[in-house]
Amino acid sequence: MVMFKAAFVREWRLLARQKADWLNPLMFFVIVLTLFPLGVGAKPNLLAEIAPGIVWIAALLSVLLGAERLFKEDFRQGTLEQLVAARDPLFPYVLAKISSSWCSTALPLLLISPLIALLLGLSTAAWQAIVLSLLLGTPLLNLLAALGAALTLSADKGGILLALLILPLYIPLLIFASAAVDNATLGLDYSAQLAVLAAMLCLAAALVPLAVLKALRLNVG
Amino acid sequence: MAVSLVSTNLLTAFALCCVRQDRVLFDAVDLELAAGELLHISGKNGAGKSSLLRILAGLATPDEGQVLWCGKPLSDPSSNSTSQSDFASSLCYIGHLSGVQPQLTALENLEFWQAAFALKNTDYYAVLATLGLAGLEDIPCQMMSAGQQRRVSLARLWLTQAKLWILDEPFTALDQGAIKLLQQRFKQHLEQGGAIILTTHQAMEQQFPQSRTLELVYRW
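Residues numbered from 1 in each chain as written. Chains lettered and ligands numbered in written order. Predicted model: local features only at pLDDT ≥ 70, side-chain atom pairs only at ≥ 80, totals over all residues.

Focus: the overall build of chain A
The line we're drawing: Secondary structure follows DSSP: runs of H or I at least 4 residues long count as helices, runs of E at least 2 residues long count as strands, and numbering of each begins at the N terminus. Each radius of gyration reported is based on C-alpha atoms, and the globular scaling rule is 2.2 Å times the count of residues to the power 0.38. Between the buried cut of 20 or more and the exposed cut of 12 or fewer other C-beta atoms within 10 Å of a residue's own C-beta lies the partly exposed class, and all C-beta atoms are placed from the backbone. Any two residues are considered in contact once their C-beta atoms, placed from the backbone, lie within 7 Å.
Looking only at helices and strands, one finds 10 helices and zero strands in chain A. Beginning at the N terminus, the succession of helices and strands in chain A can be written as α-α-α-α-α-α-α-α-α-α. For chain A, whose C-alpha radius of gyration is 18 Å, the value lies close to the compact-globule estimate of 17 Å for 221 residues. Every one of the 221 residues in chain A was classed for burial, and the buried ones make up 43%. If you take every contact in chain A between residues at least 6 apart in sequence, the share linking residues at least 24 apart comes to 80%.

Now the structure itself:
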């Protein structure tokens, strides 16, 4: 617990000093979403119809954008090596990394979602569904992105490899999350989709940190 | 004296072999380290010194052979994890990468290590002052020179309670004063019953009569 707190505080200090790390993915998200209304033209109905997919794809890519840096710096500086040698602190370190990456990349998306809803002409019901699905889905995005980052750690140009590795794993998430928002725009019940998202999140939260741990050990050894 | 030391071996390794890219770096390396001893691993560039240290620190597994901590095997997957975490908590490993996060200040780095490595001593200001970093506690480490960054990373040695230190080229980038300081700290640690394994191109024998040298021969 002490180690989790220390690693979490350290992450926040780093994020405060390297603002590009969390601002860039956020800007990317906003810009992609503003491009769509411009490209599609003034067709509010069409926009509202394709909005769920757009929001989710933009969220997914922006989380992926922030993922590569996750362990890279500590790997280069030798911090990771020392943590692996010390064994015990590695697991709280991984948990702190994942949770702080959610706070820095996914939480801002949630906070600006009202703006997004306005931009894409979404109804309040659809916006609520987007918030709920993002709330359940983005931790899953961060978990899988952390796994990809850990696996591609020692690869030289890991960015594209990371995307190729992780994007297929995002497919089920994308399907259920946009289905939930779709249902909401049609005024239907979407609790089933949210339940599936929650189940996927539980499974990933239980297994992914262990896989990340193993991947980090492999890459350092 | 020598006979009594044999029974108190902290770290034992036998028949270690390491293969990198189809090249045998070393094989049949045996070593023993008792409390109060310093093992100096020497050899040319590329002889496998760092690889040997990584194996001894448990970061890499040897292609052959075994490492024992207090008589219990470490690399064996069937061995219980308590002996492994016992080893990890008695170890202070500083590789040729310093582990200093350049965006953070010296104090912030030390605070993180304190939590990560359960350092008992938390008198950061005193330790940093000893290392000639007084007044630099609150500036990001990237503003410091290479030698000063190395001093920050070595500050861990003044805070740790670990018995076994494994250090890869600890004297890199340090000036004469800092080298003396570090050697004094080594002596203190050895007198308190600690053990040190290090690689360096400095001569250690005159300073440390209790040291032994293991020479790795460069092979192709």
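Topic: the overall build of chain B
What chain B contains, in helices and strands, is eight helices and nine strands. What you see for chain B is a C-alpha radius of gyration of 18 Å, in line with the 17 Å of a compact globule of 220 residues. Oriented by its inertia axes, the alpha-carbon framework of chain B measures out at about 50 × 35 × 35 Å. A burial count over chain B gives 40% of its 220 residues as buried. A separation of at least 24 residues holds for 71% of the contacts in chain B among residues at least 6 apart in sequence.

What to know about the environment of L174(A)
All names here are of chain A. Among the structural elements, L174 can be located in helix α9 (residues 158–185). Given 18 C-beta atoms within a 10 Å radius, L174 is considered partly exposed. Remark: the alpha-carbon pair of L174 and R76, spanning 98 residues in sequence, is separated by 33 Å. Ignoring any residue separated from it by four or fewer positions in sequence, one finds L174 in contact with W56 and L60.

Observations regarding the environment of L136(A)
Residue and element names in this part refer to chain A. Among the structural elements, L136 can be located in helix α8 (residues 124–151). Considering only alpha carbons, one finds L136 and L201, 65 residues apart in sequence, at a separation of 7.0 Å. With sequence-adjacent residues up to four places away left out, L136 is seen in contact with L194, L197, A198 and L201.

Considerations on the interface of chain A and chain B
Each side of the interface is counted separately: chain A has 22 residues, and chain B has 25 residues. Mapped onto the side of chain A that touches chain B, the elements with two or more residues apiece are α1 (2–17) and α5 (79–86) of chain A.

Section: the sheet that holds strand β5 (residues 72–73) of chain B
Residue and element names in this part refer to chain B. Condition: Criterion used throughout: strands pair if DSSP finds at least two bridges between them. Only the stretch in contact is used when a helix axis is fitted, and all axes are lines through C-alpha atoms; the angle between N-to-C directions ranges over 0 to 180 degrees.
Strand order in this open sheet of four strands is β2-β1-β4-β5, and the pairing throughout is antiparallel. The open sheet has two edge strands with one neighbour each: β2 (23–34) and β5. Where strand β1 (residues 9–20) and strand β4 (residues 64–69) come together, five bridges link them in antiparallel fashion. Across the sheet, the residue bridging to T12 is L68, located in β4. Lying over the sheet, helix α2 (residues 49–56) contacts β1, β2 and β4, oriented at roughly 130° with respect to β1.

Thoughts on unusual backbone geometry
Residues and elements named next belong to chain B. In this structure, Q21 takes a positive phi of about 50° despite not being glycine. By C-beta crowding, Q21 is classed as exposed, having 5 other C-beta atoms within 10 Å. Positive phi values are uncommon outside glycine, yet C70 reaches one of about 50°. The topology assignment puts C70 in the loop between β4 and β5. Note on C70: 14 C-beta atoms within 10 Å, which makes it partly exposed.

Things to note about the pairing of strand β3 (residues 38–43) of chain B
Residue and element names in this part refer to chain B. In the sheet, β3 pairs with strand β8 (residues 195–199) via four bridges, with the strands oriented parallel. By the bridge assignment for β8, L39 is matched with I197. Pairing of β3 with strand β9 (residues 211–216) involves six bridges; the strand directions are parallel. Bridging from a neighbouring strand, G43 pairs with L216 of β9.

What about the nonpolar core?
Short version of the rule: Each nonpolar core reported here comprises buried Ala, Val, Leu, Ile, Met, Phe, Trp, Tyr and Cys residues connected via C-beta atoms within 7 Å.
Core analysis: the biggest nonpolar cluster contains 126 residues, and L144(A), A146(A), A150(A), L56(B), L91(B) and I166(B) have the highest contact counts within it. It is α8(A) that contributes the most residues to this core, 16 residues altogether. Residues within four places of A146(A) in sequence aside, it is in contact with A67(A), L70(A), K97(A), I98(A), S101(A), V208(A) and V212(A).

A few points about the sheet that holds β3(B)
Residue and element names in this part refer to chain B. The parallel open sheet is built from five strands, whose spatial order is β6-β7-β8-β3-β9. In the strand order of this sheet, the two ends are held by β6 (91–94) and β9, each with one partner. Taken over all neighbouring pairs, the strand axes of this sheet differ in orientation by 15° on average, direction set aside. Along the sheet, α2 makes contact with β3, β7 (164–168), β8 and β9, crossing β8 at roughly 150°.

Section: the packing of helix α6 (residues 90–111) of chain A against α8(A)
Residue and element names in this part refer to chain A. Operational definition: Oblique is the label for any angle not under 35 degrees, not over 145, and not in the 65 to 115 range, which are roughly parallel, roughly antiparallel and roughly perpendicular in turn. Note: crossing handedness is left-handed where the near helix turns anticlockwise from the far helix by less than a right angle, and right-handed where it turns clockwise. Any residue that is not Ala, Val, Leu, Ile, Met, Phe, Trp, Tyr, Cys, Pro, Asp, Glu, Lys or Arg is counted as polar, Gly included; the first ten are nonpolar and the last four charged.
Two elements in contact, α6 and α8, have axes separated by 9 Å at closest approach and are oriented at 140°. It follows that α6 is oblique to α8 by the angle criterion. Judged by the sense of rotation from one axis to the other, the crossing of α6 with α8 is right-handed. Touching K97, I98, S101, W102, T105, A106, L109 and L110 of α6 are V131, L134, L135, T138, P139, L141, N142, L143 and A146, all from α8. Looking at side-chain class alone, the contact of α6 with α8 contains 12 nonpolar, four polar and one charged residues.

Digging into α1(A)
So the rule is basically this: Expected span, for any helix, means 1.5 Å times one less than how many residues it has.
With 16 residues, α1(A) extends 23 Å from end C-alpha to end C-alpha; this agrees with the ideal 22 Å at 1.5 Å per step. The inward-facing, buried residues of α1(A) contact α6 of chain A together with α4 (106–116) of chain B.

Quick notes on the confidence of the model for chain A
Short version of the rule: Scored from 0 to 100, pLDDT reflects the predictor's confidence in each residue.
For chain A, mean pLDDT is 91; residues scoring 70 or higher make up 100% of the total. Between the elements of chain A, mean pLDDT differs from a low of 88, seen in helix α3 (residues 44–67) of chain A, to a high of 95, seen in helix α10 (residues 191–220) of chain A.

Details of helix α4 (residues 69–77) of chain A
Residues and elements named next belong to chain A. Here is the rule: This arc describes the spread of directions from the helix axis toward the C-beta atoms.
Among all positions in α4, only L70, F71, D74 and Q77 are buried. Around the axis of α4, the buried residues are gathered within 130° of arc, so they sit on the same side. Residues of α4 that are buried in the fold lie against α3, α5, α6, α8 and α10. Positive phi shows up at G78, right after α4, with a value of about 90°.

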